[in-house]
Amino acid sequence: MLFTMHGTIMIFYAITPILIGAFGNFLIPLQIGARDMVFPLMNMASFWISFFSGVVLMVGLFTPLGAAASGWTSYPTLSTLIGDPGNGQTLWTLAIFMLGVGSTLGAINYITTIITLRAPGMGYFDMPLTIWGIFMTAILNAVFLPVLGAGCLLLLFDRLFGTTFFLAGAIATNGTGDPVLFQHVFWIFGHPEVYILILPAWGIVSDLLAWFSRKPAFGAKTTALCMITITILSTLVYGHHMFTTQMSPLLTQTFMTLTMTISIPSAIFFTNWLGTLWRGSIRFDSPMLFAMGVVFVFGLGGLTGLYLGTVTTDIYLHDTYFVVGHFHYTMAASVLLGGFGAVYFWMPKMFGVMMNECLAKWHFWLSFIGLNGIFMGMMVLGYAGMHRRLYNPFVYEFMKGMVPLNTFVTWSAILMGAAQVIFVYNFIHALIKGKKVEDPNPWNIGTLEWTIPCPAPHYNFKEIPVVKCGPHEMGNPNLPEGKDFQYQTEKLVKV
Ligand code: HEM
Ligand SMILES: [Cu+2]
């Protein structure tokens with residue numbers, strides 16, 4: 001129950017609303033030079049539907065059998081009335097369906113806003129990469145959340161009305177369905193979902209790396225094209241989550257090959273990050289530390305994906321802590337670090353105050369050490385054969401020797417958790433007592449949001465800006481004396 005709620009809340013109610021909901025709604029209008037999102041009413045509907053879906057989920061905690069307990073993936077038969085008869089699981093299914101509706105509405109709003117409300121002169125490749133990330137995420141959301149919604153609706157019917165979409169064998173009294181069908185539906189959505197979560201963070205990191213290296217993002221256009229390619233390919237690889245479901249070898253090999261092709265755009269993308277850092281005048285302010293942290297943890301997470309995407313190694317690694325380590329590196333660690341970097345960076349634009357830089361650095365290093373301890377430890381454990389989702393792994397003889405490493409992981413988690421206290425303190429302290437930022441552009445960045453006061457006023461721009469150059473025009477030696485960047489509203493100075 002605890003782990004089901006942890007996974008569900010983190011993925012659907014923490015990462016999604018913070019990076020996509022909060023930063024998406026805040027940054028899209030500001031960075032494309034618009035006064036608001038294009039459908040404010042729909043935005044509101046999206047927010048409230050998602051909010052109430054969270055309430056529905058939480059109500060499960062107070063039902064007689066407690067909250068849902070069949071994992072964040074809620075595979076049947078575990079998630080049917082036979083596996084989990086409590087109302088908590090029914091409420092989970094309803095909640096995720098509602099969230100699907102809410103997020104789809106939001107996604108339509110994001111896509112339409114980016115397509116129609118860009119300031120005059122702003123071509124797609126003049127958008128900051130942050131917006132590119134959110135744009136791709138919104139497209140995946142709009143296409144694939146309805147798939148999950150449909151799956152949840154069918155599961156709900158199985159639970160409430162006696163249908164048998166996902167039941168088979170003797171328990172399927174109304175004709176035979178197929179439990180594995182749900183896995184297909186779930187992962188058709190689920191693999192794109194992992195990119196839904198990571199793309200905004202990728203975009204933010206790509207921008208931060210350029211801005212704090214004080215030079216244009218290396219191959220920015222290619223980076224955007226790689227995001228598009230990865231978005232498209234991410235729709236074709238979901239089968240790699242199901243290698244052990246006895247699918248035909250032809251299919252496993254097809255999914256394996258498709259999975260490997262994602263490495264190509266990913267590698268180009270990653271090289272561009274390194275290219276951006278190469279010979280930059282790097283400023284190690286807190287947002288940059290977090291961005292560089294993402295480069296490290298995402299590199300590790302992505303590489304471990306290759307072992308999971310290969311059928312032969314995955315048969316051994318599937319359902320071990322190696323998978324848990326992998327997806328926390330790629331998803332939890334990368335998204336957390338990227339999200340924190342974004343908070344430190346846009347804090348002045350959001351609330352008109354700066355956070356304490358020294359505390360921010362402590363926060364970074366303790367979190368970074370903690371999370372590497374946790375997730376690296378998990379990967380070693382998984383490689384040694386420790387399964388996930390066991391009540392007590394140590395009743396098995398061969399896992400008894402893994403207790404010390406598990407203890408180490410626990411202490412790392414405590415360290416990581418404790419480090420977040422620093423963040424909470426820093427954040428609240430800045431809000432209440434933080435020094436007001438007078439300068440509209442404390443970091444010296446050229447994108448549109450830095451042309452207006454801190455915090456961003458209601459209606460953002462008095463006059464809609466006209467865009468004349470890209471988002472990372474920095475380090476040009478021909479710029480006027482004492483300036484190393486230019487605003488997007490200024491005509492590009494020749495290099
Ligand atoms: C870079 C290329 C990547 C490859 C080749 C890859 C490959 C895989 C494979 C094959 C699995 C299934 C392993 C198994 O269950 O046996 C898996 C699991 C997973 N991956 Fe990745 N992955 C990659 C990147 C990512 C990213 C970027 C994210 C998230 C942002 C992510 C999140 C996940 C999650 C959430 C799971 C497991 C979910 C679960 O079973 O509960 N992966 N990955
Ligand atoms: Cu996947």
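Residues numbered from 1 in each chain as written. Chains lettered and ligands numbered in written order. Predicted model: local features only at pLDDT ≥ 70, side-chain atom pairs only at ≥ 80, totals over all residues. Heavy atoms only, no water.

Draft legend 1. Structural detail: the layout of surface pockets. Considering only enclosed or pocket space, the second largest pocket measures out at about 160 Å³ in volume. When residues of the lining of the second largest pocket are traced back to their parent elements, those giving at least two are α4 (129-161) and α6 (220-233). At 3 residues, α6 tops the list of elements feeding residues into the lining of the second largest pocket. Split by residue class, the lining of the second largest pocket holds 9 nonpolar, 2 polar and 2 charged. (1 Å grid on protein atoms, 1.4 Å probe; cavity = no way out; pocket = protein on both sides within 12 Å on 5 of 7 lines; lining within 4 Å. Points joined across faces, edges and corners; volume = space filled by probe spheres on them. Helix = DSSP H or I, 4+ residues; strand = E, 2+ residues; numbered from the N terminus. Nonpolar A, V, L, I, M, F, W, Y, C, P; charged D, E, K, R; others polar.)

Draft legend 2. A look at the nonpolar core. Core analysis: the biggest nonpolar cluster contains 136 residues, and Phe 12, Trp 202, Phe 345 and Trp 346 have the highest contact counts within it. In terms of residues, this core owes the most to one element, helix α5 (residues 179-213), which gives 18 residues. Looking at which domains feed residues into this core, each of domain 1 (1-283) and domain 2 (290-351 + 355-434) gives three or more. Setting aside chain neighbours within four positions, we find Phe 12 in contact with Pro 17, Trp 72, Ile 96, Leu 99, Leu 148, Phe 189 and Glu 193. (Core = buried A, V, L, I, M, F, W, Y, C linked by side-chain atoms within 4.5 Å. Buried < 20%, exposed > 50% of the residue type's maximum accessible area, 1.4 Å probe, protein only. Domains from an automatic or database assignment. Contact = heavy atoms within 4.5 Å.)

Draft legend 3. Representation of the packing of α4 against α6 within the structure. It is at 10 Å that the axes of α4 and α6 come closest, and there the two elements cross at 15°. Judged by the inter-axis angle, α4 sits roughly parallel to α6. Regarding α4 and α6, the two cross each other, and that crossing is right-handed. Between α4 and α6, the residues in contact are Leu 129, Trp 132, Gly 133, Met 136 and Leu 140 and Ala 220, Thr 223, Ala 224, Met 227, Ile 228 and Thr 231, respectively. (Axes fitted to C-alpha atoms, helices over the stretch in contact; angles between N-to-C directions. Parallel < 35°, antiparallel > 145°, perpendicular 65-115°, else oblique. Left-handed = near helix turned anticlockwise from the far one by under 90°.)

Draft legend 4. Structural context of the pattern of salt bridges. Counted under the stated rule, the structure contains 6 salt bridges. If you follow the salt bridges from partner to partner, you end up with Arg 214, Arg 283 and Asp 484 in one network. (Salt bridge = Lys/Arg side-chain N within 4 Å of Asp/Glu carboxyl O.)

Draft legend 5. Main features of the coordination of the copper ion (ligand 2). Looking at the metal site, the copper ion (ligand 2) is ligated by His 191 (ND1), His 240 (NE2) and His 241 (NE2), spaced 1.8 to 2.0 Å from it. Every donor residue of the copper ion (ligand 2) comes from the same chain, spaced as H-x48-H-H. Separation of the copper ion (ligand 2) from the iron atom of ligand 1 amounts to 4.5 Å. Here His 191 is found in helix α5, whereas its partner His 241 is found in the loop between α6 and α7 (249-277), with 50 residues between them in sequence. Classification of His 191 by relative accessible area gives buried; the value is 6%. (Donors = N, O, S within 2.8 Å, 3.2 Å for Na, K, Ca; no water.)

Draft legend 6. Looking closely at the site of ligand 1. Taken together, 21 residues sit near ligand 1, with Trp 72, Asp 314, His 318, His 326 and Arg 388 positioned nearest. Asp 314 is positioned with one of its side-chain polar atoms (N or O) 2.5 Å from an oxygen atom of ligand 1. Of all the secondary structure elements, the ones that give two or more residues to the shell around ligand 1 are α5, α8 (286-309) and α10 (321-351). (Near = heavy atom within 4 Å. Polar contact = N/O pair within 3.5 Å; in protein donor to acceptor, adjacent residues only side chain to side chain.)

Draft legend 7. A look at the state of the cysteines. Scanning the model with the defined rule gives 0 disulfides in all. Here Cys 469 is not disulfide-linked; the sulfur of Cys 454 is the nearest cysteine sulfur, at 20 Å. For Cys 469, a relative accessible area of 4% corresponds to the buried category. (Disulfide = S-S within 2.5 Å.)

Draft legend 8. The packing of α5 against α6, seen in detail. Running from N to C, α5 and α6 cross one another at 175°; their axes reach a closest spacing of 12 Å. Compared by their axis directions, α5 and α6 come out roughly antiparallel. Judged by residue contacts, Tyr 195, Leu 199, Trp 202, Gly 203 and Ser 206 of α5 engage Thr 223, Met 227, Ile 230 and Thr 231 from α6. Classifying every residue of the contact of α5 with α6 by side-chain character gives 5 nonpolar, 4 polar and no charged.

Draft legend 9. How the structure looks around a nonpolar patch on the surface. Side chains of Met 44, Phe 47, Trp 48, Phe 51, Phe 52, Val 55 and Val 59 sit close together on the surface and give an oily, nonpolar patch of about 660 Å² of accessible area. Assignment of secondary structure puts Val 59 in helix α2 (residues 40-59). Residue class for Val 59 comes out partly exposed when judged on its relative accessible area of 40%. (Patch = residues over 30% accessible without salt bridge, like charges linked within 9 Å, V, L, I, M, F, W, Y side chains within 5 Å. Areas by Shrake-Rupley, 256 points an atom, 1.4 Å probe, with all protein chains shown as cover.)

Draft legend 10. Geometry of the coordination of the iron atom of ligand 1. Just one protein ligand coordinates the iron atom of ligand 1, and it is His 326 (NE2) at 2.2 Å. Mapped onto the elements of the fold, His 326 is located in helix α10.

Draft legend 11. Quick peek at the environment of Thr 164. Within the fold, Thr 164 resides in the loop between α4 and α5. Distance from Thr 164 to Gly 177, taken between C-alpha atoms, is 5.4 Å for residues 13 residues apart in sequence. With sequence-adjacent residues up to four places away left out, Thr 164 is seen in contact with Asp 158, Ala 172, Thr 173, Asn 174, Gly 175, Thr 176 and Gly 177.

Draft legend 12. Spotlight on the domain arrangement of the protein. Entries for the protein in the domain assignment read domain 1 (1-283) and domain 2 (290-351 + 355-434). Using C-alpha coordinates to define each centre, domain 1 is positioned 20 Å away from domain 2. Residue-level contacts link 37 residues of domain 1 with 29 residues of domain 2. Between domain 1 and domain 2, the buried area comes to about 2700 Å², and carbon and sulfur atoms account for 84% of it. Summed over the shared surface of domain 1 and domain 2, the result is 0 salt bridges. The interface formed by domain 1 and domain 2 contains 1 residue pair in polar contact (both at pLDDT 80 or more). Of all the secondary-structure elements, those providing two or more residues to the side of domain 1 that touches domain 2 are α1 (2-32), α5 and α7. Top element by residues in the side of domain 1 that touches domain 2 is α5. It accounts for 11 residues. Class assignment of the residues belonging to the side of domain 1 that touches domain 2 gives a composition of 26 nonpolar, 11 polar and no charged. (Buried area = accessible area lost by both parts, 1.4 Å probe.)

Draft legend 13. Up close: α5. Taking 1.5 Å of rise per residue, the 35 residues of α5 would be expected to cover 51 Å, and the 51 Å separating its terminal C-alpha atoms lies within 8% of that figure. In the structure, α5 departs most strongly from a straight axis at Ile 198, where the bend amounts to approximately 30° and where the proline Pro 200 lies between one and four residues downstream. Across the 35 residues of α5, 30 count as buried, placing the element largely inside the fold. Looking at where α5 begins, the residue whose side-chain oxygen comes 2.9 Å from the main-chain nitrogen of Val 180 is Asp 178. Backbone geometry just after α5 places Arg 214 at a positive phi near 55°. (Expected span 1.5 Å × (residues − 1). Bend = angle between axes of the 7 residues up to and from the residue.)

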